[in-house]
Amino acid sequence: MAKTLSQSDQTEEQQSPPPPPPWEVLVLVSQYLEPKTLAMASCVCKSWSVSMSSDHLWEPISRAHYPSLSNLRDLTAVPYCRLYAVAHAAALRRRQPPSKPRLSLDELVFAVTVSAKKTNSSSLVDIATAVSKPVRDLGAGVDPTGVFKFDVEVNGEKSTVAAAAEVVEEVKVTWNVALKGWSRVFTMMDCEGKLRFSAGAEGWFSAELPAAECCSGAGSGIVADLKVGFGRESVEKVSVGIMSVVNWRYVTVEDGLRYLQHFIVPL
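All values derive from a computational prediction rather than experimental measurement.

Caption draft 1: Inspection of the overall build of the chain at higher detail. The helix and strand inventory of the chain stands at eight helices and 12 strands. Residues classed as buried in the chain amount to 36% of the 267 residues present. As displayed, the chain offers around 16,600 Å² of accessible surface, 55% of which is attributable to carbon and sulfur atoms.

Below is the structure:
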C-alpha cells in the first residue's frame, strides 16, 4: 500500500523554497544586468559572487565607462570588478560639490601699495595706497556667485602724473590680504615692473600664488592679478583679483575665499 503524505508534510513541501537556478542561467542573465544590479547580485551567496564578479562580465563594462583606468589591468592582477568599483567611487567624489568656505568677505581687509622710482631718483616713493575694511564694501551688494575681482579707490600723489608719457624706471606693487583685526596676513603680490605715467593709462601686474596644500612643490594654477589705472593727475583706481591660468578668467568669490582660508583662517 502506497504511503500517503500527511497534511503537515504536504504543507512543508509547498512552503519549501524552489531550487536555485543552474549556473548556466546565471551566466546568461548576468550579461544583461547593470553594474549596480551585478554588484547586488554578487552579495547573495558565494556561488553568485563568483559568477557575478567574473572578468568576462566586468571587462566590457569597465572599458566602456572608464577606459583609461581599465588599461591598468595590463599592469596589475586586480579584477575588473574591483577596478570599476575604485573608478566609480572616485567619479562620485569628483562630482560632489565643494564645501562652503568658512571665510566671508566681511572678514577680509585689502592693503595695496604702489611705489615708484623715477629716473632721477634712487628711492621708492609711494604713489598710491589703499586699505579697505571690509572687502564687501568695495562693491555694492557683491554677488556671492560673482568673480573674485574688486576695484579699490586709492589715495594718490597728484604730482606723479604731471609729465605725460613719462616712463618710470621701477614700480613696486604689493597686495596683502588680512583677516579682520589684522590677526593674520597673507601676501598676494609683491613684485616690480614698469609703468607709463599718462592720463588714462593702465598697467597690469600678476604673480603666481602658492598651492593651498602643504608640502606641494607644484603651482596652484591661479595668479594674483593687479591693474593700476591713472586719472588726469594721479593713480585713480587699483583693481585686484584672482585668476585661473587654465582659462585666464577670474575665479568665483567662493573659490577665492576657499583658497584664502587655507592661509589666514586659524586651524
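Resuming the write-up.
Caption draft 2: Summary view of the confidence of the model for the chain. The share of residues in the chain with pLDDT of 70 or more is 74%, and the mean pLDDT across the chain is 78. Counting interchain partners and residues more than four positions distant, the pLDDT-below-50 stretch residues 158-165 has 23 contacts.

Caption draft 3: Broad picture of the packing of aromatic side chains. In this structure the tally under the stated criterion is nine aromatic pairs. Summarising the aromatic geometry, the rings of F148 and F150 are spaced 5.1 Å apart at their centres and angled 90° between planes, so their arrangement reads as edge-to-face. An aromatic cluster is defined as three or more aromatic residues linked by ring pairs; in this entry it consists of F110, F148, F150 and W175.

Caption draft 4: Representation of helix α8 (residues 253-264). Over its 12 residues, α8 extends 16 Å from the first C-alpha to the last, a length consistent with the 16 Å expected when each residue adds 1.5 Å. For α8, the complete set of buried residues consists of V253, G256, L257, R258, Y259, L260, Q261 and I264.

Caption draft 5: Broad picture of the pattern of salt bridges. Considering all chains together, one arrives at six salt bridges under this definition. A salt bridge links D151 to K149, with the nearest nitrogen and oxygen atoms 3.4 Å apart. Here D255 ties to R258 by a salt bridge, and the two come within 2.6 Å at their closest N and O atoms. Of this pair, D255 and R258 both sit in helix α8, three residues apart, which is roughly one turn of the helix. Linked by salt bridges that have partners in common, K100, E254, D255 and R258 make up one network.

Reading the values: rules and limits
- Residues numbered from 1 in each chain as written.
- Predicted model: local features only at pLDDT ≥ 70, side-chain atom pairs only at ≥ 80, totals over all residues.
- Heavy atoms only, no water.
- Helix = DSSP H or I, 4+ residues; strand = E, 2+ residues; numbered from the N terminus.
- Buried < 20%, exposed > 50% of the residue type's maximum accessible area, 1.4 Å probe, protein only.
- Areas by Shrake-Rupley, 256 points an atom, 1.4 Å probe, with all protein chains shown as cover.
- pLDDT = per-residue confidence, 0-100.
- Contact = heavy atoms within 4.5 Å.
- Phe/Tyr/Trp six-rings, centres within 6.5 Å; stacked < 30°, edge-to-face > 60°.
- Expected span 1.5 Å × (residues − 1).
- Salt bridge = Lys/Arg side-chain N within 4 Å of Asp/Glu carboxyl O.

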